[in-house]
Amino acid sequence: MKKILIFGNSGSGKSTHAKKLAKQHQLAHLDLDTVAWQVTTPVARMPIEESHRLLDSFTKENDEWVIEGCYADLLALLTPQANEMVYLNLPVDDCVSNAKARPWESHKYDSKEAQDANLPMLIDWITQYPLRDDTYSQRAHQQLFDGFTGDKKMMVSNG
């Protein structure tokens, strides 16, 4: 049974890689953005307990899955169930290029124009990845990767 976690910086190719694996192995796919944020203005993180309930529901409903995102705190809740891990640890410049080239994410933005308007903030966020010390940081991702005892691989390019 495949239970795969994929994580990395914004723009690292998490969604693309997860969709590829989901199709290839007929896995249920979950983007952690859908269980991490409240539907409020301004946006705010969902309480971790609520995210945890949603994750439990997803993993109980699906025997095999791929779950992707940048949230080390949510991913840590899933590591006891996961048997594979992929850390997309691409150079920041590659992540910025990917973010600039990404197609419209209709599940996140009302329009391509709204997504493009957010791009400068996203690029700033991406470039701060190695400097931050939060659940979305390179440090948190490395610790998650280092502590995982199942099959794991680190990818440093999308190729």
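Anyway, here's the lowdown on the structure attached to this text. All figures in this text were calculated on a predicted structure; none of them were measured in a lab.

1. A look at the environment of E105
Of note, E105 is situated in the loop between α5 (92–101) and α6 (112–117). When the C-alpha atoms of E105 and M121 are compared, they prove to be 16 Å apart, with 16 residues separating the residues in sequence.

2. Notes on unusual backbone geometry
A cis amide bond, omega -5°, links T41 with the succeeding residue P42. With respect to the secondary-structure elements, P42 resides in the loop between α2 (33–36) and α3 (48–61). A positive phi is found at Q26, a non-glycine position, where the angle reads about 55°. When its relative accessible area of 64% is taken as the criterion, Q26 is described as exposed.

3. Considerations on α3
Compared with an ideal rise of 1.5 Å per residue, which puts 14 residues at 20 Å, α3 spans 20 Å between its outermost C-alpha atoms and is within 8% of the ideal. Inspection of α3 places S51, L55, F58 and T59 among the buried residues, and these make up the whole buried set. Down the axis of α3, the buried set is contained in an arc of 90°. They therefore lie on one face. When the buried face of α3 is taken as reference, the exposed residues oriented beyond 90 degrees from it are R53, K60 and E61. Tucked into the core, α3 has its buried residues touching β2 (28–31), α2, β3 (65–69) and α4 (72–78).

4. Here's the deal with α5
For α5, the full list of buried residues reads C95, V96 and A99. The arc enclosing the buried residues of α5, seen along the axis, measures out at 100°, which places them on a common side. Along α5, the residues that are exposed and aim more than 90 degrees away from the buried face are D93, K100 and A101. The inward-facing, buried residues of α5 abut α7 (119–127).

5. Comments concerning the layout of surface pockets
If a probe as big as a water molecule is rolled over the atoms, it shows which places are left empty. Roughly 1,300 Å³ of volume is contained in the largest pocket. Going through the elements one at a time, α1 (14–25), α2, β3, α5 and α7 are the ones with two or more residues in the lining of the largest pocket. For the lining of the largest pocket, the element with the most residues is α1, which contributes six residues.

6. Focus: empty space enclosed by the protein
Enumeration over the complete set of coordinates arrives at one cavity of 30 Å³ or more. For the largest cavity, the calculated volume is near 40 Å³. Every residue along the wall of the largest cavity is listed here: A99, R102, E105, Y109, Q115, N118, L119 and L122.

7. As for the state of the cysteines
Throughout the structure, instances matching the rule amount to zero disulfides. With no disulfide of its own, C70 has C95 as its nearest cysteine by sulfur position, at a separation of 11 Å. By relative accessible area, which is 0% here, C95 ends up buried.

8. As for the pattern of salt bridges
This model, assessed by the stated rule, comprises five salt bridges. A salt bridge links E84 to K2, with the nearest nitrogen and oxygen atoms 3.0 Å apart. Taken together, the positions of E84 in strand β4 (residues 84–88) and K2 in the segment before β1 (3–8) put the pair 82 residues apart, joining distant regions of the chain. Residue classification places E84 among the partly exposed residues on the basis of a relative accessible area of 22%. The salt bridge involving R45 is made with D73; its shortest N-O contact spans 3.0 Å. Of this pair, R45 sits in the loop between α2 and α3 while D73 sits in helix α4, and the two are 28 residues apart along the sequence. A relative accessible area of 25% places D73 in the partly exposed class.

Cut-offs and rules
- Residues numbered from 1 in each chain as written.
- Predicted model: local features only at pLDDT ≥ 70, side-chain atom pairs only at ≥ 80, totals over all residues.
- Heavy atoms only, no water.
- Helix = DSSP H or I, 4+ residues; strand = E, 2+ residues; numbered from the N terminus.
- Buried < 20%, exposed > 50% of the residue type's maximum accessible area, 1.4 Å probe, protein only.
- Expected span 1.5 Å × (residues − 1).
- Arc of directions from axis to C-beta.
- Contact = heavy atoms within 4.5 Å.
- 1 Å grid on protein atoms, 1.4 Å probe; cavity = no way out; pocket = protein on both sides within 12 Å on 5 of 7 lines; lining within 4 Å.
- Points joined across faces, edges and corners; volume = space filled by probe spheres on them.
- Disulfide = S-S within 2.5 Å.
- Salt bridge = Lys/Arg side-chain N within 4 Å of Asp/Glu carboxyl O.

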